[in-house]
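Summary of the model geometry
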Amino acid sequence: MDTKYQLWNNEEWHIDQFSRPAFPIRFINAHHHGSTSSNSIALSLMRKLVVSPALDKTVTLMEQADTENIVPKILCNPDARSNLSKRVEEFYTDIQNSQSLTYMGKVLLYATSYMSLTNHYGLLTLGMKEEVQRQTVVAPVFIASLPRTGSTILHRTMSLDTARFRNFDLADMVVPLPKPIPRWDQEGRHDKAKEADGLVNSIKLIYPGQLECLETMHGFRPSEADEDLGWYDTGLGHPYMDPLMKLYPEYRQKEDVNVGTIESKDVARYRYAWLAMIMKIYQYTDEVEWNERKQKEGRAFLRQHARPSMDLPWLMKDPNHSAYLPELLEEFPDAKLIFTHRNP
């Protein structure tokens, strides 16, 4: 290996220090190594007992939303319902056919589809309120830079200016339910961050040291601003990036990755419409929760909480935005874009 690369790796990335799974996970993987039948049985049971019922429940709600004509059609029309079902089914098939994932890798990855569908149902339920859809998203700011250009530190630094921006923390995306927490509710957001921190740190039980390794690239901190990717997970029915990473060989074997897949323009339009709905849900929550707490607690509440500004722009960040700027501006025509760059 090149000496300079080895030195850089030792100082920065520590790739050779990436931990192994915990012993129980390795034991289960070794026990099922080479057994396609055990993989198929486990995934089939999960599909029948957990994922499919969650998908059916979500699709039924989408059909109701389409009939009531409250949320944007792109989120609930027949194409949206069909595409959601197709994505979830292909996610299952790709996991089952994967030659690189271990037994537990397949089980744990497929479980994320259930989590995504559960959050989809809950968020769509909130988005179907007429008061939510009457909200207006004004001039959101998108950091649309390429990866490794300092966009994360810029995003997190700008997000500290709460008098000028509002943003989503990682905790919002990890634990969006049972209800959103207003931007101004610091105590509630602290509790939400602690809850999300428990879930994030549960990874240590499976892969000790993984979070420390990821910290060299992108730290996952529940109480800090984070990328928009977590919201895409809730909208798509499975994690957004996993087909491009953990299931890359299977994903690339598809006939046309530009039609109906997570990289396609039509899915980008769907993602941005879903993101706009999430913004409206939180704007509505900020306003309604403040009014309810004011009426309930009176002057004691007002002494601690000034009325939040309802027209603050959202501050968003995702390197993938750079590949879908026409679709982004189609949904947010008054958006402001920030690009960072660095000398390669």
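Residues numbered from 1 in each chain as written. Predicted model: local features only at pLDDT ≥ 70, side-chain atom pairs only at ≥ 80, totals over all residues. Heavy atoms only, no water.

This brings us to the packing of helix α5 (residues 103-127) against helix α15 (residues 265-297). One can describe the packing of α5 onto α15 by two numbers: an axis separation of 9 Å at closest approach and a directional angle of 65°. Judged by the sense of rotation from one axis to the other, the crossing of α5 with α15 is left-handed. Contacts from His120, Leu123, Leu124, Leu126 and Gly127 of α5 reach α15 at Tyr270, Trp274, Met277, Ile278 and Ile281. In terms of residue class, the contact of α5 with α15 is made up of 8 nonpolar, 2 polar and no charged. (Axes fitted to C-alpha atoms, helices over the stretch in contact; angles between N-to-C directions. Helix = DSSP H or I, 4+ residues; strand = E, 2+ residues; numbered from the N terminus. Left-handed = near helix turned anticlockwise from the far one by under 90°. Contact = heavy atoms within 4.5 Å. Nonpolar A, V, L, I, M, F, W, Y, C, P; charged D, E, K, R; others polar.)

Let us look at a nonpolar patch on the surface. Together, Ile41, Leu45, Leu49, Val50, Tyr114 and Met115 make up a nonpolar patch on the protein surface, roughly 580 Å² of accessible area in all. At the level of elements, α3 (36-68) and α5 are the ones that each hand at least two residues to the nonpolar patch. Take Ile41: it is sitting in helix α3. Relative accessible area serves as the criterion here: at 51%, Ile41 is assigned to the exposed category. (Patch = residues over 30% accessible without salt bridge, like charges linked within 9 Å, V, L, I, M, F, W, Y side chains within 5 Å. Areas by Shrake-Rupley, 256 points an atom, 1.4 Å probe, with all protein chains shown as cover. Salt bridge = Lys/Arg side-chain N within 4 Å of Asp/Glu carboxyl O. Buried < 20%, exposed > 50% of the residue type's maximum accessible area, 1.4 Å probe, protein only.)

In spatial order, the strands read β2-β1-β3; together these 3 strands make up an open sheet with parallel pairing. Of all the strands in the sheet, just β2 (315-317) and β3 (336-338) have a single pairing partner and so form its edges. Each strand axis lies, on average, 25° off the axis of its neighbour in the sheet, ignoring direction. In this structure, strand β1 (residues 141-143) lies alongside β3, joined through 3 bridges in parallel fashion. Of the residues in β3, the one forming a bridge with Ile143 is Ile338. With respect to the sheet, helix α7 (residues 151-159) is in contact with β1, β2 and β3, its orientation differing from that of β2 by roughly 165°. (Pairing = 2+ DSSP bridges.)

Core analysis: the largest hydrophobic core is formed by 66 residues, its most contacted members being Phe168, Ile278, Met279 and Phe332. Of all the elements in the fold, those that place two or more residues in this core are α3, α4 (78-97), α5, α12 (229-236) and α15. Per-element accounting of this core gives the leading share, 14 residues, to α15. Among residues more than four places away in sequence, those in contact with Ile278 are Leu123, Phe168 and Trp231. With 5 residues, the next largest nonpolar core counts Ile143, Met158, Phe165 and Leu315 among its residues. (Core = buried A, V, L, I, M, F, W, Y, C linked by side-chain atoms within 4.5 Å.)

When you line up the elements, Lys192 lands in helix α9 (residues 186-201). Among buried Asp, Glu, Lys and Arg side chains, Lys192 stands out as unpaired, with Glu195 the closest opposite charge at 4.4 Å. Filtering out sequence-adjacent residues up to four positions away, Lys192 remains in contact with Ala171, Val175, Pro176, Leu177, Lys179 and Ile181. (Lys, Arg positive; Asp, Glu negative; His and termini not counted.)

Quick look at the packing of aromatic side chains now. Inspection of every chain in the model, using the stated rule, returns 10 aromatic pairs. Where Trp184 meets Phe301, the ring centres are 5.6 Å apart and the plane angle is 80°; that geometry is what we call edge-to-face. Here Trp184, found in the loop between α8 (170-174) and α9, pairs with Phe301, found in helix α16 (residues 299-304); they are 117 residues apart in sequence, far enough to count as distant. Pair check on accessibility: Trp184 and Phe301 agree, each one buried. Taken together, the ring pairs connect Phe168, Trp231, Tyr282 and Trp314 into an aromatic cluster. The aromatic ring of Tyr121 is capped on one face by Lys57, whose charged end is 4.4 Å from the ring centroid. Sitting over the face of the ring of Tyr272, Arg271 holds its NZ or CZ atom 5.4 Å from the ring centroid. (Phe/Tyr/Trp six-rings, centres within 6.5 Å; stacked < 30°, edge-to-face > 60°. Lys NZ or Arg CZ within 6 Å of the ring centre and 35° of its normal.)

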